[in-house]
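Observations on chain architecture
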Amino acid sequence: KVTFVSEKTGSAKTCEVGPNDYMLDAADEHRIDLNASCRGGVCGTCVSKLKSGQVDQDWLTVLDDGNVLSQEQIAAGYILPCSAKPLSDCVVEIN
Ligand code: FES
């Protein structure tokens, strides 16, 4: 399960996200308002903060295609939901 928490309103929604599903696709399916553009780990629009849990992030895509996230952001827990799959239950703060 992934819980999406809105940074602005604090409202939270939890949904099932399979291990092969990208978090952004799941958010869309459940009508969770998550800003996105490229959907491929390139633009950084979807950047969100992982508050708990673990994800499988396509870091290679991210880093090769123009350093969307800095090493500092990655270390601080920021992820790109469009190219991240959950490895456990997660809580994600979305903008
Ligand atoms: Fe572009 Fe996620 S939508 S990086």
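Structure: above.
So, here's what we can say about the structure. (Residues numbered from 1 in each chain as written. Predicted model: local features only at pLDDT ≥ 70, side-chain atom pairs only at ≥ 80, totals over all residues.)

1. Some thoughts on the overall build of the protein chain
Just so we agree on the cut-off: Helical segments are the DSSP runs of H or I of at least four residues, strand segments are the runs of E of at least two, and each set is numbered from the N terminus. Between the two quantities, the radius of gyration covers C-alpha atoms and the globule rule is 2.2 Å times the number of residues to the power 0.38. Three exposure classes are used, based on other C-beta atoms lying within 10 Å of a residue's own C-beta, which is placed from the backbone: buried for 20 or more, exposed for 12 or fewer, and partly exposed in between. By definition, residues are in contact whenever their C-beta atoms, placed on the basis of the backbone, come within 7 Å of each other.
The secondary structure content of the protein chain amounts to three helices and seven strands. The C-alpha radius of gyration of the protein chain comes to 12 Å, within 12% of the 12 Å expected for a compact globule of 95 residues. In the protein chain, buried positions account for 31% of the 95 residues. A separation of at least 24 residues holds for 67% of the contacts in the protein chain among residues at least 6 apart in sequence.

2. As for the environment of Trp59
Turning to its location among the elements, Trp59 is positioned in helix H2 (residues 59-64). Taking the C-alpha atoms as reference points, Trp59 and Ile74, separated by 15 residues in sequence, lie 9.4 Å from one another.

3. Considering the sheet that holds strand E3 (residues 48-52)
Heads up, the condition is: What makes two strands pair is DSSP finding at least two bridges between them.
Read from one edge to the other, the open sheet built from five strands follows the order E2-E1-E7-E3-E5, with strand pairing classed as mixed. Since the sheet does not close on itself, it has two edges, and those belong to strand E2 (12-15) and strand E5 (78-79), each with one partner. As defined by bridge partners, strand E1 (residues 2-6) adjoins strand E7 (residues 90-94) across five bridges and the pair is classed as parallel. Opposite Val2, over in E7, you have Cys90 as the bridge partner.

4. Here's the deal with the environment of Ala12
Looking at the element boundaries, Ala12 is found in strand E2. Excluding residues that lie within four positions of it along the chain, Ala12 makes contacts with Thr3, Phe4 and Val5.

5. A short note on the nonpolar core
Put simply, the rule is: Think of a nonpolar core as buried Ala, Val, Leu, Ile, Met, Phe, Trp, Tyr and Cys residues, each tied to the set through C-beta atoms within 7 Å.
Among the nonpolar cores identified, the biggest contains 21 residues, and Val2, Phe4, Met23, Leu24, Ala27, Leu34 and Val92 are the most heavily contacted of them. Mapped by element, the contributors of at least two residues to this core are E1, helix H1 (23-29) and E7. Per-element tally for this core: the top contributor is H1, with four residues. Each residue touching Met23, except ones within four places of it in the same chain, is listed here: Val2, Val17, Pro81, Ala84, Pro86 and Val92.

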